[in-house]
Amino acid sequence: MTEKRGADKLRLGIPKGSLQDATVALFKRAGWNIYADGRSYFPSIDDAEIECMLIRAQEMARYVDHGVLDAGLTGIDWVVESGLELTSITTLTYAKQSRRKVRWVLAVPESSGFEKAEDLEGKIIATELVEVSKRYFAQKGVNVKVEFSWGATEVKPPMLADAIVEVTETGSSLKANHLRIIDTVMESETHLIAGRGALASAWKRRKLDQIATMLRGAIDAQSQVGLMLNVKRSGLASVLAVLPALNSPTISELSDSEWVAVNTIVDESTARDVIPRLKAAGGAGIVEYPLNKVVL
């Protein structure tokens with residue numbers, strides 16, 4: 001029996017700031033349209049069971065833990081920084097510019113003589129990730145002064161700080177500000193996190209699982225493409241030997257009994273190598289097509 005919900009909704013935090021556009025785009029690929037007009041902190045969504053709120057990623061864990069939000073999307077770095085114990089429903093590897101993890105790195109001026117964390121004994125470190133940075137240096141037995149940075153952290157060395165701990169996807173901003181990475185403090189990726197109250201509700205847990213499945217499927221589909229082709233039965237073994245299939249390819253009968261259709265999924269990065277080999281192996285009518293979701 002379906003649990004009675006009444007007017008209750010799943011209160012979902014969407015990260016405001018650098019991840020906002022990428023998150024809205026991910027939800028669209030997963031099947032939900034989120035409409036944010038730039039002024040309201042309560043964007044609309046085309047799902048009557050969800051209520052969205054824009055929250056800074058740095059604060060998401062706190063509001064989920066307090067029960068203001070049932071769940072939210074934020075970097076695991078900010079969950080660790082908060083010190084709160086929250087449940088991760090799924091990991092979602094995407095960032096502002098790419099589909100990979102981001103890194104919090106220890107960076108120093110290019111012209112400095114600092115080569116490792118131990119060289120920074122007694123120095124000033126600027127960062128937004130204060131608690132994680134403190135633990136990093138404590139584990140190495142290095143005494144430093146970690147100062148909170150309100151932003152524009154890359155411009156602080158060498159006048160306002162000796163080094164920084166800053167998040168980066170590509171390292172280009174650090175290079176542009178004449179900084180050199182000497183260590184990685186932690187890696188991070190986006191997580192869908194949930195609070196105790198939401199997990200205690202059967203329908204909210206089911207709704208979270210639905211969201212996680214569809215978001216995960218949209219993420220997984222980004223790096224893969226579908227391939228379909230026809231091949232004579234006599235050449236089927238040669239074609240199958242070429243395919244690095246996700247699972248066993250689907251083989252379908254055609255009206256001409258001498259031919260079969262093959263449908264499969266491959267990594268997008270390998271398609272340019274696989275397609276010519278399929279043609280050489282006897283494949284015909286080869287079509288590559290994009291995928292919206294891949295649910296395993």
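Everything below is about the structure shown above.
Cut-offs used in this document
Residues numbered from 1 in each chain as written. Predicted model: local features only at pLDDT ≥ 70, side-chain atom pairs only at ≥ 80, totals over all residues. Heavy atoms only, no water. Helix = DSSP H or I, 4+ residues; strand = E, 2+ residues; numbered from the N terminus. Rg over C-alpha atoms; globule rule 2.2 N^0.38 Å. Buried < 20%, exposed > 50% of the residue type's maximum accessible area, 1.4 Å probe, protein only. Core = buried A, V, L, I, M, F, W, Y, C linked by side-chain atoms within 4.5 Å. Contact = heavy atoms within 4.5 Å. Axes fitted to C-alpha atoms, helices over the stretch in contact; angles between N-to-C directions. Parallel < 35°, antiparallel > 145°, perpendicular 65-115°, else oblique. Salt bridge = Lys/Arg side-chain N within 4 Å of Asp/Glu carboxyl O. Pairing = 2+ DSSP bridges. Phe/Tyr/Trp six-rings, centres within 6.5 Å; stacked < 30°, edge-to-face > 60°. Lys NZ or Arg CZ within 6 Å of the ring centre and 35° of its normal.

### Quick notes on the overall build of the protein
- If you tally the helices and strands in the protein, you get nine helices and 16 strands.
- Taking 19 Å as the expected radius of gyration for a compact globule of 296 residues, we find that the protein reaches 24 Å, considerably beyond that expectation.
- The dimensions of the protein, computed from C-alpha atoms along their principal axes, are 80 × 55 × 35 Å.
- Within the span of the protein, comprising 296 residues, buried residues form 43% of the whole.

### Here we look at the nonpolar core
- Ranked by internal contacts, the top residues of the largest apolar core, which has 29 residues, are F27, L73 and L192.
- Mapped onto this core, the elements with two or more residues apiece are β1 (10–16), α1 (20–30), β4 (50–56), β5 (71–75), β6 (87–92), β12 (190–194) and α7 (202–221).
- Broken down by element, the residue count for this core peaks at seven residues, all from α7.
- Ignoring any residue separated from it by four or fewer positions in sequence, one finds F27 in contact with L12, I14, W32, I34, L73, I211 and L215.
- Formed by 21 residues, the second largest nonpolar core is a distinct cluster that contains W78, L106, I125 and V146.

### Comments concerning the side chain of K207
- Along the polypeptide, K207 turns up in helix α7.
- Filtering out sequence-adjacent residues up to four positions away, K207 remains in contact with L10, D47, E49 and I50.

### Some thoughts on the packing of α1 against α7
- Two numbers describe how α1 lies on α7: the axes approach to 8 Å, and their chain directions differ by 100°. In terms of orientation, α1 and α7 fall into the roughly perpendicular class. Along its contact with α1, which presents L26, F27, R29 and A30, the element α7 presents I211, M214, L215, A218 and I219.

### Regarding unusual backbone geometry
- Put simply, P157 and P158 share a cis peptide bond, and its omega is 0°.
- Checked against the element boundaries, P158 lands in the loop between β9 (145–148) and β10 (163–168).
- Within the chain, A152 stands out as a residue other than glycine whose phi angle is a positive 50°.
- Secondary-structure assignment places A152 in the loop between β9 and β10.
- For A152, a relative accessible area of 51% puts it in the exposed group.

### Describing the pattern of salt bridges
- Under the criterion given, the structure shown has 15 salt bridges.
- Of the charged contacts in the structure, one is a salt bridge between E59 and R62, with a shortest N-O distance of 3.3 Å. On the criterion of helical spacing, the pair formed by E59 and R62 is a turn pair, its members being three residues apart in helix α2 (residues 57–66).
- A salt bridge links K134 to E131; the nearest nitrogen and oxygen atoms lie 3.9 Å apart. Of the two residues, K134 and E131 are both situated in helix α4 (residues 130–139); the distance of three residues between them amounts to about one turn of the helix.
- Connected through shared salt-bridge partners, D8, R11, D70 and K204 make up one network.

### Some words on the sheet that holds β12
- Ordered by their spatial adjacency, five strands build an open sheet running β4-β1-β5-β12-β6, and the pairing between neighbours is mixed. Two strands lie at the open edges of the sheet, namely β4 and β6, each paired on one side alone. Geometrically, the sheet is characterised by an average inter-axis angle of 25° between neighbouring strands, direction not taken into account.
- Sheet strands touched by α1: β1, β4, β5 and β6. Its angle to β1, the strand with the most contacts, is close to 135°.
- Contacting β1, β4, β5 and β12, α2 runs over the sheet at an angle of about 130° to β4.

### Re the packing of aromatic side chains
- Scanning all chains against the criterion turns up four aromatic pairs.
- Consider the rings of W78 and W104, whose centres lie 5.6 Å apart with planes at 90°: the pair is edge-to-face. Taken together, the residues span a long stretch of sequence, with W78 in helix α3 (residues 76–82) and W104 in strand β7 (residues 102–109) at a distance of 26 residues.
- Owing to a relative accessible area of 11%, W78 belongs among the buried residues under this scheme.
- Arranged with centres 4.8 Å apart and planes meeting at 90°, the rings of F148 and W150 form a pair that is edge-to-face.
- Taking the ring centre of Y41 as reference, the NZ or CZ of K16 above it sits at 5.1 Å.

### Focus on the sheet that holds strand β15 (residues 259–267)
- With antiparallel pairing, the four strands of this open sheet are ordered in space as β14-β15-β13-β16. Edge strands, defined here as strands with exactly one partner in the open sheet, are β14 (250–253) and β16 (284–290). When the angles between neighbouring strand axes are averaged without regard to direction, this sheet yields 20°.
- Pairing of β14 with β15, which is carried by four bridges, proceeds in the antiparallel orientation. Within β15, the residue paired with I251 across the bridge is V262.

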